[in-house]
Amino acid sequence: MSQRYDANNKVMDLSRLREDSNLQSLGLYVSLSRPNMLNTVITIIIENTADIVGLNLKDNKLSSLEPLVKLANVCEALKAIDLSQNQIRNTSELDFIKGLELIELALEGNPICETFEDQAVYIRLGYEWHTIDTLLAIF
């Protein structure tokens, strides 16, 4: 995991973690789509890089964000999460990250983005309300 952490920018890049050649060479298959595996990785982040500013979880087949709820009280500097190209289907999954004061949240490529036919629907992100158009622009 240390090879995926940019200490200068305080960004953890865990995109496509299941395809990581370094982990595979050790005989490890780390699938973040398994809640217990994502939970373990979040614990490692909290214990070792609590000052993280950005977290890239792109393309990990995530369908549940529940383990991310632990980041809210510990990783106070976290401002950006990339969750694009995953399997997030329900807006209720976003409740698990609502405690974070995010500036940027990427969700493109998730089934959740296809469920809104009416782009005037509003979603609450943090403490602000945004239209789907606005959120998709941010994402």
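Keep in mind that what you see is a predicted model, and the values were worked out from it rather than measured.

### Quick look at the overall build of the chain
Then, number 1: For the chain, the count of helices and strands is three helices and seven strands.
Then, number 2: In the chain, the order of α-helices and β-strands from amino to carboxyl end is β-β-α-α-β-β-β-β-β-α.
Then, number 3: Out of the 139 residues belonging to the chain, those deemed buried represent 41%.
Then, number 4: Sequence-distant contacts in the chain: of pairs separated by 6 or more residues, those separated by 24 or more amount to 61%.

### Things to note about the side chain of Asp82
Then, number 1: Note on placement: Asp82 falls in strand E4 (residues 80-82).
Then, number 2: For Asp82, which is buried and forms no salt bridge, the nearest opposite charge comes from Lys58, at a distance of 5.1 Å.
Then, number 3: Among residues more than four places away in sequence, those in contact with Asp82 are Leu55, Asn56, Leu57, Lys58 and Ala106.

### Things to note about the sheet that holds E4
Then, number 1: On the basis of which strands lie adjacent, the open sheet formed by five strands has the order E1-E2-E3-E4-E5 and mixed pairing. Two strands in the sheet have a free side with no partner beyond their single neighbour: strand E1 (5-6) and strand E5 (104-106).
Then, number 2: When E4 meets E5, the two strands line up parallel, connected through three bridges. Among the inter-strand pairings, Asp82 is bridged to a residue of E5, identified as Ala106.

### Looking at the environment of Asn36
Then, number 1: With respect to the element layout, Asn36 can be found in helix H2 (residues 35-48).
Then, number 2: Sequence separation between Asn36 and Pro67 is 31 residues; the distance between their C-alpha atoms is 8.4 Å.

### Points about the confidence of the model for the chain
Then, number 1: Per-residue confidence for the chain gives a mean pLDDT of 84; residues scoring 70 or more make up 82%.
Then, number 2: This stretch, residues 119-127, has a pLDDT under 50; its non-local contacts, to residues over four places away or in other chains, come to 23 contacts.

### Quick look at the pattern of salt bridges
Once their charged atoms are close, side chains differing in charge can pair, the charge on each being opposite to the other.
Then, number 1: The full count for this structure, using the stated rule, is five salt bridges.
Then, number 2: A salt bridge links Arg4 to Asp20, with the nearest nitrogen and oxygen atoms 2.7 Å apart. In this pair, Arg4 is assigned in the segment before E1 and Asp20 in the loop between strand E2 (11-13) and helix H1 (21-25), connecting sequence segments 16 residues apart.
Then, number 3: The buried category is assigned to Arg4, whose relative accessible area is 17%.
Then, number 4: The salt bridge partner of Lys10 is Asp51, with a shortest N-O separation of 3.3 Å. With Lys10 in the loop between E1 and E2 and Asp51 in the loop between H2 and strand E3 (54-56), this pair connects stretches of sequence that are 41 residues apart.
Then, number 5: A relative accessible area of 31% places Lys10 in the partly exposed class.
Then, number 6: For Asp51, a relative accessible area of 37% translates into the label partly exposed.
Then, number 7: Shared partners join several salt bridges into a network, and the residues in it are Arg16, Arg18, Glu19 and Asp59.

### Overview of the environment of Ala7
Then, number 1: By secondary structure assignment, the location of Ala7 is in the loop between E1 and E2.
Then, number 2: On the accessibility criterion, Ala7 (52% relative accessible area) is exposed.

How each quantity is defined
- Residues numbered from 1 in each chain as written.
- Predicted model: local features only at pLDDT ≥ 70, side-chain atom pairs only at ≥ 80, totals over all residues.
- Heavy atoms only, no water.
- Helix = DSSP H or I, 4+ residues; strand = E, 2+ residues; numbered from the N terminus.
- Buried < 20%, exposed > 50% of the residue type's maximum accessible area, 1.4 Å probe, protein only.
- Contact = heavy atoms within 4.5 Å.
- Lys, Arg positive; Asp, Glu negative; His and termini not counted.
- Salt bridge = Lys/Arg side-chain N within 4 Å of Asp/Glu carboxyl O.
- Pairing = 2+ DSSP bridges.
- pLDDT = per-residue confidence, 0-100.

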